[in-house]
Amino acid sequence: NISVEKVSNRTRQSYKTLPAMLDNHTNTKQMSSHYNKLDQDIIITTDSVFDNISFDSDADSWIFNFKNNISLLASTLWRLLKDDEIILVSADHGQQFGLPKPVDAVDELSTLLTEQRITKIKIKKKTADLILTLTGNFEIEIFISSGGYESYNLHVDNKQYIGMGMGDIAIFNN
């Protein structure tokens, strides 16, 4: 039960070769794509249960998994909001801040999002920042944080959305 609203894109003339992440996130293949700057938001509606999150410290990447063929690899800053207030930030993972033990963002996010459902995915026009809206008044914001590197790789069913540098987006049908 996933629907994607149609979007008109303004396409630049230049091309770029992208590494496209395969299922195991260790092998890459080369693809060509136009750079795209979104003229309007991409809205994906779904009803998918949060499954798990993991952190790959070697790659400094976060892997979010949801049921119904939705996954996200984020190599950038993200934050979790509840009722529009920040309650967890990826950069705090492993920091002690004078607490009895360091922040474990994997454990905290897993606990908070257990049984929550993702209802909407929004890729913002111009910036390509990603907003995941979940039940329980939660949102996860994923930010484009580089001018030259990919910040996230989102898979929804048979589509792949790569958040490129400077707010560009690459979209592939798998």
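Residues numbered from 1 in each chain as written. Predicted model: local features only at pLDDT ≥ 70, side-chain atom pairs only at ≥ 80, totals over all residues. Heavy atoms only, no water.

Asks: So what about the side chain of D129? Which residues, and what values?
Replies: Tracing the backbone through its elements, the reader meets D129 in the loop between strand 9 (117–123) and strand 10 (130–134). Summary of buried charges: D129 has no salt-bridge partner, and the nearest side chain of opposite charge, K124, is 5.0 Å away. Only 2.9 Å separates the side chain of D129 from the backbone nitrogen of I144, close enough to count as a polar contact. Excluding residues that lie within four positions of it along the chain, D129 makes contacts with K122, I123, K124, I142, F143 and I144. (Helix = DSSP H or I, 4+ residues; strand = E, 2+ residues; numbered from the N terminus. Buried < 20%, exposed > 50% of the residue type's maximum accessible area, 1.4 Å probe, protein only. Lys, Arg positive; Asp, Glu negative; His and termini not counted. Salt bridge = Lys/Arg side-chain N within 4 Å of Asp/Glu carboxyl O. Polar contact = N/O pair within 3.5 Å; in protein donor to acceptor, adjacent residues only side chain to side chain. Contact = heavy atoms within 4.5 Å.)

Asks: Can you break down the pattern of salt bridges residue by residue, with the values?
Replies: Pairing is possible between side chains of opposite charge, provided their charged atoms come close. Taken as a whole, this structure holds five salt bridges when the rule is applied. Where K122 meets D41, a salt bridge forms, and the shortest distance between an N and an O atom there is 3.4 Å. Linking K122 in strand 9 with D41 in the loop between strand 3 (28–38) and strand 4 (42–56), this pair joins segments that are 81 residues apart in sequence. When its relative accessible area of 23% is taken as the criterion, K122 is described as partly exposed. Residues D47 and R117 are paired through a salt bridge, measuring 2.6 Å at the closest nitrogen-oxygen approach. Taken together, the positions of D47 in strand 4 and R117 in strand 9 put the pair 70 residues apart, joining distant regions of the chain. Among the residues examined, D47 registers a relative accessible area of 37% and is labelled partly exposed. R117 sits in the partly exposed class, given a relative accessible area of 30%.

Asks: How would you sum up the pairing of strand 6 (residues 70–74)? Please name residues and give values.
Replies: The buried count for strand 6 comes to five of five residues, which makes it a mostly enclosed element. The side-chain alternation of strand 6 yields two buried faces, one formed by I70, L72 and A74 and the other by S71 and L73. Direction of pairing for strand 5 (residues 61–66) relative to strand 6: antiparallel, over a ladder of five bridges. Paired with W62 across the two strands is A74, which belongs to strand 6. Hairpin connection of strand 5 to strand 6: three residues between the antiparallel strands, including N68 at a positive phi of 60°. Here strand 6 runs beside strand 12 (residues 152–156); their pairing, made up of five bridges, is antiparallel. (Pairing = 2+ DSSP bridges.)

Asks: Give a detailed account of the confidence of the model for the protein chain, specifying residues and quantitative values.
Replies: Confidence along the protein chain averages 84 in pLDDT terms, with 80% of residues attaining 70 or more. Note on residues 1–34: pLDDT under 50 across the span, and 84 contacts to partners over four residues away in sequence or across chains. (pLDDT = per-residue confidence, 0-100.)

Asks: Provide a residue-level description of the nonpolar core, including the pertinent values.
Replies: By size, the foremost hydrophobic cluster in this structure holds 34 residues, and its most contacted members are F64, W78, I123, Y152 and L154. Considering every element that reaches this core, the biggest residue donor is strand 4, with four residues. Not counting chain neighbours up to four residues away, the residues in contact with Y152 comprise L72, L73, A74, I123, A128, L130, I142, I144, Y161, I162, G163 and I169. (Core = buried A, V, L, I, M, F, W, Y, C linked by side-chain atoms within 4.5 Å.)

Asks: I'd like to hear about the packing of aromatic side chains, residue by residue, with values.
Replies: Scanning the model with the defined rule gives four aromatic pairs in all. A centroid spacing of 5.8 Å and a plane angle of 75° characterise the contact between F50 and F66, whose relative ring orientation is edge-to-face. Remark: F66 occurs in strand 5 and F50 occurs in strand 4; sequence separation between them is 16 residues. The class for F66 is buried, based on a relative accessible area of 6%. For the pair F64 and W78, a centre-to-centre distance of 5.6 Å together with 80° between the ring planes defines the contact as edge-to-face. Taken together, the residues span a long stretch of sequence, with F64 in strand 5 and W78 in strand 7 (residues 78–82) at a distance of 14 residues. Classification of W78 as buried rests on a relative accessible area of 0%. Put simply, the rings of F55, W62, F64 and W78 pair up and form one aromatic cluster. (Phe/Tyr/Trp six-rings, centres within 6.5 Å; stacked < 30°, edge-to-face > 60°.)

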